[in-house]
Amino acid sequence: RKYKSYTFTCHAQTRAGNLVLGRTDGAIALYDAIMQSENSSCVLDGTPGPVTSIDVAADGSMVVWTTSEFVFFSCLAPEHWDKSKKPKPAVLQLQVAPLALEEMLGQGKENGGNASSSAAAEEDEVDNAPEWTPVRFDAGTAKDEHGLAEREILTYCGAWQVRWNVKRALEAWERLEADPTYRHQPLYGTATAVGGPVSLHVTVKDDLDVVALEGEIVKSLRF
């Protein structure tokens, strides 16, 4: 289907077959299995677009997505999938602690930064926003039937892996959901240098993360 005001950019699927789709306008939309209805069940909007990647927990209870600069997390109730008009859930921003972010972006493009030259840095033209690879939960739909739950949220920026603990993300989201006026701090993740710019990553078994680096190098990481 074509829509006049936006284009779908990415999608993820729950174990039950429900779809969550990212859009160019920064929103994510929930649809029932194989989009039996043309209308979305729920739309989470208000974030800067476009959505560049998205992943959903196997049971549909959590969703995480990226835009060109930010990572967001939210929890979903069954009513959000079945058009019950339940209020939209709160959206939690996931970030890297300022000192760690400076280290990640402090050495130009080869380390995840955007500085094109020393002159540009001197003129304060450096864009200090990270550029994220596709984000994902560490346990996929295929693992859920074996009783393994999502524990980590993973993404990469240049030569750095960034991960957030799912339990901590849930706790922070619950505080925000309980009090919309709460001036929450973004949830900071753990940044780990992996030795080179990452072009692809996948989680194998329970805690083994396999990454492909530029230059035909493949590494395995445990966390």
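This is a predicted model, so every value here is computed, not measured. (Residues numbered from 1 in each chain as written. Predicted model: local features only at pLDDT ≥ 70, side-chain atom pairs only at ≥ 80, totals over all residues. Heavy atoms only, no water.)

Undergrad: Would you mind going over the environment of aspartate 82 with me for this structure?
TA: Structurally, aspartate 82 is set in the loop between helix H1 (78-81) and strand S8 (92-96). Taking the C-alpha atoms as reference, aspartate 82 lies 9.9 Å from asparagine 18; in sequence the two are 64 residues apart. Within polar-contact distance, the side chain of aspartate 82 engages the side chain of serine 84 at 2.5 Å. (Helix = DSSP H or I, 4+ residues; strand = E, 2+ residues; numbered from the N terminus. Polar contact = N/O pair within 3.5 Å; in protein donor to acceptor, adjacent residues only side chain to side chain.)

Undergrad: What is the right way to look at the layout of surface pockets in this model?
TA: The rolling of a water-molecule-sized probe over the atoms marks out the regions of remaining empty space. In this model, the second largest pocket occupies a volume close to 150 Å³. With 4 residues, the single largest contributor to the lining of the second largest pocket is S8. (1 Å grid on protein atoms, 1.4 Å probe; cavity = no way out; pocket = protein on both sides within 12 Å on 5 of 7 lines; lining within 4 Å. Points joined across faces, edges and corners; volume = space filled by probe spheres on them.)

Undergrad: Looking at this structure, how should I read the environment of proline 89?
TA: Positionally, proline 89 belongs in the loop between H1 and S8. On the accessibility criterion, proline 89 (6% relative accessible area) is buried. As a C-alpha pair, proline 89 and cysteine 75 span 14 residues in sequence and 6.7 Å in three-dimensional space. Apart from the residues lying within four places of it in its own chain, the contact partners of proline 89 are Leu44, Ser74, Cys75, Leu76, His80, Trp173 and Glu177. (Buried < 20%, exposed > 50% of the residue type's maximum accessible area, 1.4 Å probe, protein only. Contact = heavy atoms within 4.5 Å.)

Undergrad: So what exactly am I meant to see when it comes to the sheet that holds strand S1 (residues 8-13) here?
TA: Consider a sheet: its strands pair through backbone hydrogen bonds, and that pairing is either parallel or antiparallel. Strand order in this open sheet of 4 strands is S1-S2-S3-S4, and the pairing throughout is antiparallel. Each end of this open sheet is capped by a strand with a single partner; those strands are S1 and strand S4 (42-44). With strand direction ignored, the average angle separating the axes of adjacent strands in the sheet is 20 degrees. Where strand S3 (residues 28-31) lies against S4, 3 bridges are found, and the strand directions are antiparallel. Considered in S4, the bridge of isoleucine 28 is made with leucine 44. (Pairing = 2+ DSSP bridges. Axes fitted to C-alpha atoms, helices over the stretch in contact; angles between N-to-C directions.)

Undergrad: Hey, could you run me through the pattern of salt bridges in this one?
TA: Should their charged atoms come close, side chains of opposite charge can pair. In this structure the tally under the stated criterion is 3 salt bridges. Here arginine 23 and aspartate 25 are joined by a salt bridge, their closest N and O atoms 2.8 Å apart. With a shortest N-O distance of 3.4 Å, lysine 88 and aspartate 45 are connected by a salt bridge. Taken together, the residues lysine 88 in the loop between H1 and S8 and aspartate 45 in the loop between S4 and strand S5 (51-56) connect sequence positions 43 residues apart. Residue lysine 88 is classed as partly exposed on the basis of its relative accessible area of 46%. Residue aspartate 45 is classed as partly exposed on the basis of its relative accessible area, which comes to 47%. (Salt bridge = Lys/Arg side-chain N within 4 Å of Asp/Glu carboxyl O.)

Undergrad: Can you help me understand the pairing of S1 in this one?
TA: In the case of a regular strand, side chains alternate between the two sheet surfaces. Judged from the 5 bridges that link them, S1 and strand S2 (residues 19-23) form a sheet pairing that is antiparallel. Residue pairing across strands places glutamine 13 opposite leucine 19, the latter belonging to S2. Hairpin connection between S1 and S2: a loop of 5 residues separates the two successive antiparallel strands, and glycine 17 in this loop has a positive phi of roughly 95 degrees.

Undergrad: Help me out: how do you make sense of the sheet that holds strand S12 (residues 187-193) in this one?
TA: Spatially, the 8 strands line up as an open sheet ordered S5-S6-S7-S8-S12-S11-S10-S9, and their pairing is mixed. At either margin of the open sheet sits one strand with a lone partner, and together these are S5 and strand S9 (136-137). In this sheet, S12 lies alongside strand S11 (residues 160-165) in antiparallel orientation, the contact comprising 4 bridges. Of the residues in S12, the one forming a bridge with tryptophan 160 is alanine 193. Contacts from helix H5 (residues 166-178) reach strand S6 (62-67), strand S7 (71-75), S8, S9, strand S10 (152-157), S11 and S12 within the one sheet, and its direction differs from that of S7 by about 70 degrees.

Undergrad: When you look at unusual backbone geometry in this model, what are you seeing that I'm missing?
TA: If a residue is not glycine, its phi is most likely negative; likewise, a peptide bond is most likely trans. That bond from glycine 49 to proline 50 is cis: its omega, -5 degrees, falls within 30 degrees of zero. Mapped onto the fold, proline 50 is located in the loop between S4 and S5. Look at lysine 83: it is not a glycine, yet its phi comes out positive at around 60 degrees. Structurally, the position occupied by lysine 83 is in the loop between H1 and S8. Phi at lysine 85 is positive, roughly 60 degrees, even though this residue is not glycine. As for its position among the elements, lysine 85 is in the loop between H1 and S8. For lysine 85, a relative accessible area of 80% translates into the label exposed.

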